[in-house]
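For reference, the chains in residue letters:
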Amino acid sequence: AAFQVARLARNYGELVERLDARARRQTELRETAAALNAGVTEAEAAETIAGGAMRSIRALGAYVERAEAPGPGFEVEVIGVAGEGTPPLGTRVPYPGSLTEALVESPDPYLLHEVSEVGRHMAPYLIERCSGCKGLIAPITFGEAAVGALVLLRSADDEPFSAEEALYAAFLADLASTTFRRVALVEALRESEERFRQIADHVQESIWLADPGFRELHYANPAYERLWGRGPDGRLLLVTDQLEAIHPDDRDTVAAAFRGLPQDEYEIEFRIVRPNGQIRWVRSRGYPIRNERGEVYRVAGITEDITEHKLAEQEREKLLQRAQQSRAEAERRRDELQRVTESRNRLMRGFGHDVKNPLGAADGFLQLMEEGVLGELTEKQLESVSSARRSIGAALDLIDQLLELARAEVTGIELETAPTDLRSLVQETAEEYRAQAESQGLELTTEVADEVPVIESDASRIRQIIGNLLSNAVKFTERGSVTVRAAMREGEGTPGPGRWVAIDVVDTGPGISPEQQRRLFQEFSRVEETGKKGTGIGLAISRRLARALGGEITVQSEVGKGSTFTLWLPAEPTAAP
């Protein structure tokens, strides 16, 4: 009986010890869990886990190792230690051969009578510091992957770790896993917030974050204050306070957008009034932010100053309106000019038809009289008839020029191009005016260079231009000479690039003033200083003809020193301007 009582007492004592140990472990686990709930780093969490493991599970020492990233080329670092027999804090070993790699192959806790049983994964520092120690190794995991290990050590003389103790170690390793994940999430969130803050602090747009009721402004970047300013109490203006800064005509629209913001997004443009009275245009966008249950727990907004854009837009509208008005005015003037031109052309054609016939008939009667068909005339009468016929001829010539000008304005100038020998053409045209020049006591000479080529052009139009220039030179030169020159020129002074034929008509007449030169080629413009009468359209038609041929007419003149009119013709088609 005494033996039985003693055995029962011993069993009871062992039970009490186990219950006390269990209670002690649970207390330590609660305290460890409470310590881990505080904001800690991975290193602080590892120290807490190692210390808690030593206290809750009787051990010589404990430590936590953490892999940078499981795989070849990476390392495992000891980040938390407690007790004896452990490697120094900060010890680093290659991932291959580490205890963390061993747990990847066997995710269950290792219960080792001797740590050397880990085999090829045996860490060198365990042999050095705790040779023959008994060990317990629990994996620290992220999902399915082991990212570290909790290692507990006992001396060779102590009893091995039990299965119950392994469960406590696994629980502590789970606590470490949860803490490491939380630390990683907090760090990622902190980095994300920092990146957001760095971006938000440097953008020009106003960014804000508030509660759905607009009672508290949770975040506002520096641009927010620049745009909205602060209230009389020194606080940043809340979203609802901003209505006071909004232009009175826009407040209802903005207030409606704010009221709908907790449920719907908005994007509006409105005006704000600065304290100095300046009006600025802004574009504002608001967004509700929902949690995982779909509940709106924050509202956010972005507001940007678009005043310059608005001013540019308004200026663009004004320019468009002015451009439209200018186009409409140009169309009106073009239509009016076209009507006037058509009316003038009809008048000129009708005038030419109605006047040429009687003038032609009168010239015919005068010719009969001049030939004596109607009886012999005295010398004085013949002079009068000849003078009348010359006047009629001048009138008919004027009518022909007017009709040609009218045709050029309506249908353009018709050309018949063919190989044209300019050397012969210039000399022949000059000879036609020799008799007229000599009758006025003028010397007419021609100077045509041998290099003047045969060109593709309209010979009759060139003859008409040169004849017009010669006729004017002879008419307006009272004494001296008229010279016709033709030569090749290129480079400076020509109308354009390439080689040109320059046909000069040079006279020793009275010259033309700069003011007269500016309007010399206008229709019905005459040089008044000469006292000579003319139609004032010959040079206008000549310039039109020259340009139709791809050339130009220019003039150089000085009062009292004569004039030089130059007809420019391109030597090759590509030289035409």
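In this text, all values refer to a predicted model and were calculated from it rather than measured experimentally.

Visitor: Please clarify how the overall build of the protein chain should be interpreted in this entry.
Guide: On a plain count of helices and strands, the protein chain comes out with 14 helices and 18 strands. The buried share of the protein chain, reckoned over its 577 residues, is 40%. For the protein chain, restricting intrachain contacts to residue pairs at least 6 apart in sequence, the fraction spanning at least 24 positions comes to 58%.

Visitor: Explanation requested: the packing of aromatic side chains in the structure shown.
Guide: To describe a pair of aromatic rings, you give the distance between the ring centres and the angle between the ring planes. Counted under the stated rule, the structure contains 3 aromatic pairs. Arranged with centres 6.1 Å apart and planes meeting at 65°, the rings of F258 and Y266 form a pair that is edge-to-face. Per residue, the accessibility class of F258 equals that of Y266, and both read buried. Put simply, the rings of W208, F214, F258 and Y266 touch in pairs and so form one group of aromatic residues.

Visitor: Quick question: what am I supposed to make of the environment of R389 here?
Guide: If you trace the backbone, R389 turns up in helix 9 (residues 379-411). Taking relative accessible area as the criterion, R389 reaches 23% and is therefore assigned partly exposed. R389 has contacts with D363, L366, Q367 and E370, leaving out every residue within four places of it along the chain.

Visitor: Even after reading the chapter, I still don't get helix 7 (residues 251-260), so can you show me in this structure?
Guide: Think of an α-helix as 3.6 residues a turn; residues three or four steps apart then line up on the same face. Every buried residue of helix 7 is accounted for by V254, A255, A257 and F258. Summarising the axial view, the buried residues of helix 7 lie within an arc of 160°, below the 170-degree limit, and thus occupy one face. Away from the buried face of helix 7 by more than 90 degrees, exposed residues D252 and R259 are located.

Visitor: Hey, could you run me through the nonpolar core in this one?
Guide: One recurring pattern in soluble globular proteins: nonpolar side chains tend to sit buried together. Within the largest apolar cluster, 40 residues are counted, with the highest numbers of intra-cluster contacts made by L470, I503, L567 and L569. Counting only elements with at least two residues in this core, the list comes to helix 10 (422-432), strand 13 (443-448), helix 12 (459-476), strand 15 (481-490), strand 16 (499-507), helix 14 (538-548), strand 17 (552-557) and strand 18 (563-570). Ignoring any residue separated from it by four or fewer positions in sequence, one finds L470 in contact with T429, A430, Y433, L444, V482, V484 and V505.

Visitor: For this particular structure, what's the right way to read the sheet that holds strand 9 (residues 266-273)?
Guide: Paired through backbone hydrogen bonds, the strands of a sheet run either parallel or antiparallel to each other. As summarised here, the arrangement of the 5 strands in space is 8-7-11-10-9, forming an open sheet in which the pairing is antiparallel. Looking along the sheet, the strands with just one partner apiece sit at the ends: strand 8 (217-220) and strand 9. Ignoring strand direction, the axes of neighbouring strands in this sheet form an average angle of 25°.

Visitor: In this structure, what is going on with the sheet that holds strand 15? I would like to understand it.
Guide: Across the sheet, which stays open at both edges, the 5 strands sit in the order 13-15-16-18-17 with mixed pairing between neighbours. Both edges of this open sheet fall to strand 13 and strand 17, since each of them pairs with a single strand only. With direction set aside, neighbouring strand axes in the sheet form an average angle of 20°. In this sheet, strand 16 lies alongside strand 15 in antiparallel orientation, the contact comprising 9 bridges.

Visitor: Just checking my understanding: could you explain the packing of helix 10 against helix 12 for this structure?
Guide: Each pair of packed helices can be summarised by the angle the axes make with each other and by the distance between the axes. Where helix 10 contacts helix 12, the axes come no closer than 10 Å and their chain directions differ by 40°. As judged from the angle between their axes, helix 10 and helix 12 are oblique. As helix 10 runs across helix 12, the sense of the crossing is right-handed. Contact with helix 10, carried on its side by L422, L425, V426, E428, T429, A430 and E432, involves A459, I462, R463, I466, G467 and L470 of helix 12 and no other residues of that element. The residue inventory of the contact of helix 10 with helix 12, partitioned by class, reads 8 nonpolar, 2 polar and 3 charged.

Visitor: Explain a nonpolar patch on the surface to me, please; I cannot follow it from the model alone.
Guide: On the surface, F365, L368, V373 and L374 cluster together into a nonpolar patch covering about 410 Å² of accessible area. Within the secondary structure, L374 sits in the loop between helix 8 (307-370) and helix 9. What makes L374 exposed here is its relative accessible area of 59%.

Visitor: Looking at this model, I keep getting lost on the packing of helix 12 against helix 14. Mind explaining?
Guide: Close contact between helix 12 and helix 14 brings their axes to 10 Å; oriented N to C, the two are set at 150°. Of the possible angle classes, the one that applies to helix 12 and helix 14 is roughly antiparallel. By crossing handedness, the relation of helix 12 to helix 14 is classed as left-handed. Touching R461, Q464, I465, N468, L469 and N472 of helix 12 are G538, L539, I541, S542, L545 and A546, all from helix 14.

Visitor: Help me out: how do you make sense of the pairing of strand 16 in this one?
Guide: Note on strand geometry: in a regular strand, side chains alternate between the two faces of the sheet. Buried residues dominate strand 16, accounting for 8 of its 9 residues. In this structure, strand 16 lies alongside strand 18, joined through 8 bridges in antiparallel fashion. Along strand 18, the bridge assignment pairs D507 with S563.

Visitor: Is there a simple way to explain helix 10 in this structure?
Guide: Every buried residue of helix 10 is listed here: L422, L425, V426, T429 and A430. Down the axis of helix 10, the sector holding all buried residues measures 125°, keeping them to one side. The distance from a side-chain oxygen at the start of helix 10 to the backbone nitrogen of R423 is 3.2 Å, and the residue carrying that oxygen is D421.

Visitor: Is there a simple way to think about the environment of S481 in this case?
Guide: Examined against the element boundaries, S481 turns out to sit in strand 15. Taking the C-alpha atoms as reference points, S481 and A437, 44 residues apart in sequence, are found 8.5 Å from one another. Sequence-distant contacts of S481, that is, excluding residues within four places in its chain, are made with E443, V506, D507 and T508.

Visitor: Would you mind going over unusual backbone geometry with me for this structure?
Guide: Glycine aside, residues mostly have negative phi, and peptide bonds are mostly found in the trans state. With phi around 60°, F214 is a residue other than glycine that occupies positive phi space. The residue F214 is located in the loop between strand 7 (206-210) and strand 8 in this model.

Visitor: Please clarify how the pattern of salt bridges should be interpreted in this entry.
Guide: If charged atoms from side chains of opposite charge come close, those side chains can pair. In the structure shown here, the tally under the stated rule is 29 salt bridges. The salt bridge involving R280 is made with D305; its shortest N-O contact spans 3.1 Å. With R280 in strand 10 (residues 279-290) and D305 in strand 11 (residues 296-305), this pair connects stretches of sequence that are 25 residues apart. Classification of R280 as buried rests on a relative accessible area of 16%.

Visitor: Any chance you could explain the side chain of R154 here in plain terms?
Guide: Here R154 shows up in strand 6 (residues 145-154). Residue R154 is classed as buried on the basis of its relative accessible area, which comes to 0%. Here P160 takes part through its backbone oxygen, which lies 3.2 Å from a polar atom of the side chain of R154. The contacts of R154, once residues within four sequence positions are left out, are I57, R58, A59, L60, C133, K134, E159, P160, F161 and E165.

What counts, and at which threshold
Residues numbered from 1 in each chain as written. Predicted model: local features only at pLDDT ≥ 70, side-chain atom pairs only at ≥ 80, totals over all residues. Heavy atoms only, no water. Helix = DSSP H or I, 4+ residues; strand = E, 2+ residues; numbered from the N terminus. Buried < 20%, exposed > 50% of the residue type's maximum accessible area, 1.4 Å probe, protein only. Contact = heavy atoms within 4.5 Å. Phe/Tyr/Trp six-rings, centres within 6.5 Å; stacked < 30°, edge-to-face > 60°. Arc of directions from axis to C-beta. Core = buried A, V, L, I, M, F, W, Y, C linked by side-chain atoms within 4.5 Å. Pairing = 2+ DSSP bridges. Axes fitted to C-alpha atoms, helices over the stretch in contact; angles between N-to-C directions. Parallel < 35°, antiparallel > 145°, perpendicular 65-115°, else oblique. Left-handed = near helix turned anticlockwise from the far one by under 90°. Nonpolar A, V, L, I, M, F, W, Y, C, P; charged D, E, K, R; others polar. Patch = residues over 30% accessible without salt bridge, like charges linked within 9 Å, V, L, I, M, F, W, Y side chains within 5 Å. Areas by Shrake-Rupley, 256 points an atom, 1.4 Å probe, with all protein chains shown as cover. Salt bridge = Lys/Arg side-chain N within 4 Å of Asp/Glu carboxyl O. Polar contact = N/O pair within 3.5 Å; in protein donor to acceptor, adjacent residues only side chain to side chain.

On their own, these measurements won't tell you what the molecule is for.
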